[in-house]
Amino acid sequence: MSTQNLTDAGSYQFGKFKKNAEELERLKLQTTIALKQEQEIWSESGLKPGMKVLDLACGPGFTACELAKAIGDGDVTGVDINEELIATAHQAKESEGLENVSFALGNLYDLNLPENSFDFVYARFVFQHLEKPEVALSNVWKILKPGGVLCILDIDDNWTSFSPESDAFVKFIRKTGAGQKRKGGNRLIGSQLFGLLTKAGYQEVSTTIKPITSEDIGINYFLGVAVLFRVEMLTRLQKLLALPQLRKIKKAAAAPNAWGALGVFATTGTKR
Ligand SMILES: C[S@@+](CC[C@H](N)C(=O)[O-])C[C@H]1O[C@@H](n2cnc3c(N)ncnc32)[C@H](O)[C@@H]1O
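These figures come from a predicted structure and were not determined experimentally.

Enquirer: Could you clarify how one ought to interpret the pattern of salt bridges in this entry?
Expert: When the charged atoms of two side chains lie near each other, side chains of opposite charge can form a pair. The final tally for this structure, using the stated rule, is 12 salt bridges. The partner of Arg-230 in a salt bridge is Asp-157, with the nearest N and O atoms 2.8 Å apart. Placement of Arg-230 in the loop between α9 (219–227) and α10 (236–253) and of Asp-157 in the loop between β5 (144–154) and β6 (160–163) is noted, with a sequence separation of 73 residues between them. We note that Arg-230, like Asp-157, is buried. Each of Glu-66, Lys-69 and Glu-96 takes part in one network of salt bridges that share partners.

Enquirer: What is the right way to look at unusual backbone geometry in this model?
Expert: Excluding glycine, residues mostly have negative phi values, and the peptide bonds linking residues are mostly trans. With an omega dihedral of 10°, the bond running from Ser-163 to Pro-164 counts as a cis peptide bond. Position of Pro-164 relative to the elements: it lies in the loop between β6 and α6 (167–182). Unusually for a residue other than glycine, Asn-116 sits at a positive phi of about 50°. Summarising the element assignment, Asn-116 is placed in the loop between β3 (101–105) and β4 (118–124). Residue classification places Asn-116 among the partly exposed residues on the basis of a relative accessible area of 42%.

Rules behind the numbers
Residues numbered from 1 in each chain as written. Predicted model: local features only at pLDDT ≥ 70, side-chain atom pairs only at ≥ 80, totals over all residues. Heavy atoms only, no water. Salt bridge = Lys/Arg side-chain N within 4 Å of Asp/Glu carboxyl O. Helix = DSSP H or I, 4+ residues; strand = E, 2+ residues; numbered from the N terminus. Buried < 20%, exposed > 50% of the residue type's maximum accessible area, 1.4 Å probe, protein only.

As structure tokens, then:
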């Protein structure tokens, strides 16, 4: 498969969305909608008050702010390659009135951060967009303290379900997954993380999968947050061709018995 105009931002380029304001809202919703489940992942992964935390590819900073609340007298640094998102992150910090979080522009392929300096590195929904995940893993290794933990949260299209059975849904997931691959991303990253971290030398590597269902978040949010935004992975022509599919998916989702779920993968590894 041929790839197109790859950049270090991989298959996620905020600013190039058809409706950037909507994408920002989606990112915000993605932080709040299953926060309780995510907080459980943090404590199971070893996040503790007082830790020095890096939110790698923090985007608009909503999650970094939640991490800052969770670690009390610790501190969180958020870095992201996108200037506009970092500006939004500064605003999020201000409006939350948080002292223990800071943000900076940064590229995970060229991290300008001190070695051996973080207890916990969190990478949320970024590895699916990376063309070179192994380079990112090696850079994270350098900045983790000995004993420090990397926790990656991501998805895997093999763990996405929808009922009633819908050809349109299956085709849309397949097409948008292929589109993301063309842009350098990988929608099957979830089940590959265990192997990638192990190969990169991390110890005590472990993957858990947390189901998020439409019963937890409602079928409309499930579609909006987890499915429909993926149209951005298509070319202009493909977007047009996908319109009938999208209509069918929305119609199927409007049925009273509609149900959807996806598995959120959390993979942790320790630097020993
Ligand atoms: C789907 S967003 C997730 C943002 C945030 N982690 C969240 O969960 O809301 C992916 C993020 O990865 C960032 N990103 C992509 N490639 C990057 C790179 N090479 N270095 C730093 N950030 C990168 C994008 O700018 C974007 O903010």
